[in-house]
Amino acid sequence: MSLLFALALVLLPFSALGLLLAWHIARPQRSPADASNRLNKARLIWFAMSREDLFVGTFPWLAQDELYNVGREP
């Protein structure tokens, strides 16, 4: 197996996640959002990824360990 092929296989899941993210931004909007909300959706995704501490008040499960969130105590 060549090094380039191995690298492509390793990067495939990340490419799939990028395509999934692009699809969710570009897909048709549901009511009450309109087509102009696509830019706001991209901004919201960036805001949620870069400033997750601001969302803890709204979503308290963000402050907890994932193992605790699924119901098992660590």
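Residues numbered from 1 in each chain as written. Predicted model: local features only at pLDDT ≥ 70, side-chain atom pairs only at ≥ 80, totals over all residues. Heavy atoms only, no water.

Undergrad: Hey, could you go over the environment of alanine 26 for me, with residue numbers and the actual values?
TA: Topologically, alanine 26 is positioned in helix α1 (residues 3–26). The sequence separation of alanine 26 and leucine 67 amounts to 41 residues, and the corresponding C-alpha distance is 33 Å. (Helix = DSSP H or I, 4+ residues; strand = E, 2+ residues; numbered from the N terminus.)

Undergrad: Got a sec to walk through the packing of aromatic side chains? Specific residues and values, please.
TA: Tallying each qualifying case throughout the model produces two aromatic pairs. Taking 5.7 Å as the distance between ring centres and 70° as the angle between the ring planes, the aromatic pair formed by phenylalanine 47 and phenylalanine 55 counts as edge-to-face. Judged by its relative accessible area of 32%, phenylalanine 47 falls in the partly exposed class. (Phe/Tyr/Trp six-rings, centres within 6.5 Å; stacked < 30°, edge-to-face > 60°. Buried < 20%, exposed > 50% of the residue type's maximum accessible area, 1.4 Å probe, protein only.)

Undergrad: Now, about the side chain of arginine 27: what can you tell me, with residues and values included?
TA: Examined against the element boundaries, arginine 27 turns out to sit in the loop between α1 and α2 (38–50). Within polar-contact distance, the side chain of arginine 27 engages the side chain of histidine 24 at 3.4 Å. Excluding anything up to four places from it in sequence, arginine 27 contacts Arg38 and Lys41. (Polar contact = N/O pair within 3.5 Å; in protein donor to acceptor, adjacent residues only side chain to side chain. Contact = heavy atoms within 4.5 Å.)

Undergrad: How would you explain the packing of α1 against α2 if you had to name every residue and give the values?
TA: Two elements in contact, α1 and α2, have axes whose closest approach is 8 Å; the angle formed by their N-to-C orientations is 140°. In this view, α1 runs oblique relative to α2, as classed from their interaxial angle. Judged by residue contacts, Leu21, His24, Ile25 and Ala26 of α1 engage Arg38, Lys41, Ala42 and Ile45 from α2. Taken together, the residues of the contact of α1 with α2 break down into five nonpolar, one polar and two charged. (Axes fitted to C-alpha atoms, helices over the stretch in contact; angles between N-to-C directions. Parallel < 35°, antiparallel > 145°, perpendicular 65-115°, else oblique. Nonpolar A, V, L, I, M, F, W, Y, C, P; charged D, E, K, R; others polar.)

Undergrad: A description of α1 should follow, citing residues and the corresponding values.
TA: For α1, with 24 residues, the first-to-last C-alpha span of 34 Å sits near the 34 Å given by 1.5 Å per residue. If you look at α1, its biggest bend is around 40°, right at leucine 11, and the proline proline 13 turns up within four residues after that. (Expected span 1.5 Å × (residues − 1). Bend = angle between axes of the 7 residues up to and from the residue.)

Undergrad: Describe the side chain of lysine 41, naming the residues involved and giving the relevant values.
TA: Counting through the fold element by element, lysine 41 comes out in helix α2. Within the structure, the side chain of lysine 41 is placed 2.8 Å from the backbone oxygen of histidine 24, a separation counted as a polar contact. If we skip the residues at most four places from it in the chain, lysine 41 touches His24, Ile25, Arg27 and Gln29.

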